[in-house]
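This is what each chain is made of:
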Amino acid sequence: MANPPSSLPRRRPTESSRPRRGPVRPSDDASSGLGSSKRTAGAVVRVKKLFAAETGSYFVILGTTLFMVVLGLVMVLSSSSVEQYISSRHTSFFGAFIRQGTYAAVGIPLMLIVSRLPVSFLKRWAWHVLGATIVLQLLVFSPLGYEIGGNRNWIDLGSFTAQPSEAVKLALAIWLGMILSVKRDLLDDWKHLAIPLVPVAGVAIGLVVLGGDLGTTMIMLLLVFAAVWFAGVRLRYLLAPLAFLAVVVPLIAQGSSSRNSRIAAWLSGCSDSSQYQAECWQTLHGTWALASGGLFGVGLGNSKSKWSWLPEADNDFIFAIIGEELGLIGAMVVLALFIVLAVGFVKIIRRTNDPFVRVTTGAITAWIIGQALVNIAVVLGLLPVLGVPLPLISAGGSALIVTLVAIGVVLSFARVPEESATPQGLPRQRVGSLR
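Cut-offs applied
Residues numbered from 1 in each chain as written. Predicted model: local features only at pLDDT ≥ 70, side-chain atom pairs only at ≥ 80, totals over all residues. Heavy atoms only, no water. Axes fitted to C-alpha atoms, helices over the stretch in contact; angles between N-to-C directions. Helix = DSSP H or I, 4+ residues; strand = E, 2+ residues; numbered from the N terminus. Parallel < 35°, antiparallel > 145°, perpendicular 65-115°, else oblique. Left-handed = near helix turned anticlockwise from the far one by under 90°. Nonpolar A, V, L, I, M, F, W, Y, C, P; charged D, E, K, R; others polar. Phe/Tyr/Trp six-rings, centres within 6.5 Å; stacked < 30°, edge-to-face > 60°. Buried < 20%, exposed > 50% of the residue type's maximum accessible area, 1.4 Å probe, protein only. Polar contact = N/O pair within 3.5 Å; in protein donor to acceptor, adjacent residues only side chain to side chain. Contact = heavy atoms within 4.5 Å.

Trainee: Describe the packing of helix 2 (residues 56-87) against helix 13 (residues 318-351), naming the residues involved and giving the relevant values.
Mentor: Across the interface, helix 2 lies against helix 13 with an axial gap of 10 Å and an inter-helix angle of 160 degrees. Considering their axes alone, helix 2 and helix 13 lie roughly antiparallel with respect to each other. Crossing of helix 2 over helix 13 shows left-handed handedness. Of the residues assigned to the contact of helix 2 with helix 13, the class counts are 18 nonpolar, six polar and two charged.

Laid out in structure tokens, this is it:
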């Protein structure tokens, strides 16, 4: 055999090229570092999956909601600072702002957690959640309940207070979506529509009526009718309930002397000077606050109405402070935000064939957007004072947390791609049939 050419030197085998005997075992440091990096990468992937979204509507609704919460915190701080300084005996301006920030810090994570829940989970727990919220609503008639402005709709739990009717709204929306989707093939028979919808919804709303909260009652009725509409129930089945409500609601409104006087003052246009110091005080000062804002407003924090002139400036009449400090432009921005939110909800309703998703989203849309329109109409003087807060912006823990959780439910629907949101073999149902 010929020897290799002298011009090519023989290569000495290196440590890596030498054959090893036995299995290769990495060192402890290397194995621990590799395992740690794998665990870190796995955690990152799980977090990314947790907040991943498959549709653009998810980001539209989430972004709009977060922006409105931040705007609400700013306006709560501005509108409540003077009253907080007085009530705290000149020690702090930030009491209401800190409470509202705490509620937001609780509500936003809950919204993100709920947005990960599957539709099957919501359907399975609909009855349980509704039953639990009705039990909470019953507590307002116990020693834990207390009355504000003629409405017995709150419970005092020591360190904090709560309004159970806000949770009833959300539970009722989910339950209506579940029951109407189960009965989707039987809705042409009014008996199947009435049972169990009428007794269950009647108990939930009736407990709020007994507490004397007319504003919340109207929002809940709007929620129920929206759910029935999006379920595709024939309009002729709704004529009898509408006629019944046309008779009953005025009777409920007259059940409270303070509410009756507010409605009478609103009907008279607050033209009687004797009503200025009583029923018309809040309405007139809300109107003056809006009028003084002009086009660009007097500037953030420069409101004069919040200096003990406008009652509930950080709650029911916060829209008046927005109009005063941020002007017509700021008020229009708030309206535009609710329009964007409504468009995001409607897109989810239009793209799905799942009756549960459609009915639940429609009910939540009617609740949040309808309540916003009612609040703004009250501030503008188009409706009597009803005590309905502006969603996501007004001060109030129960309203903010439950509204965020409700939006989380809609976000869970927005995450589902269109093809997977459509149950196999189910045709697109009609909405609001005229037959």
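Right, picking up where we left off after that structure.
Trainee: Give a description of the packing of aromatic side chains that names residues and reports values.
Mentor: Going through the model one piece at a time under the given rule, you end up with eight aromatic pairs. An angle of 40 degrees between the planes, with centres 6.1 Å apart, marks the rings of tyrosine 276 and tryptophan 288 as tilted. Of this pair, tyrosine 276 sits in the loop between helix 11 (257-267) and helix 12 (281-293) while tryptophan 288 sits in helix 12, and the two are twelve residues apart along the sequence. According to the relative accessible area criterion, tryptophan 288 is partly exposed, its value standing at 44%. Aromatic ring contacts, followed pair by pair, group Tyr276, Trp281, Trp288 and Trp309 into a single cluster.

Trainee: Give a description of unusual backbone geometry that names residues and reports values.
Mentor: Going from isoleucine 195 to proline 196, the amide bond is cis rather than trans, its omega being 5 degrees. Along the polypeptide, proline 196 turns up in the loop between helix 7 (190-194) and helix 8 (197-210). The phi angle at glutamate 312 is positive, at roughly 55 degrees, despite the residue not being glycine. Within the secondary structure layout, glutamate 312 lies in the loop between helix 12 and helix 13. Backbone geometry at leucine 392 places phi at a positive 70 degrees, although glycine is not the residue there. Mapped onto the elements of the fold, leucine 392 is located in the loop between helix 14 (355-379) and helix 15 (397-414).

Trainee: For the side chain of glutamine 137, give the residues involved together with the corresponding values.
Mentor: Turning to its location among the elements, glutamine 137 is positioned in helix 5 (residues 126-138). Of note is the side chain of glutamine 137, whose polar atom sits 3.1 Å from the side chain of asparagine 153. Contact partners of glutamine 137, with chain neighbours within four places excluded, come to Asn153, Pro164, Ser165, Val168, Leu207 and Val208.

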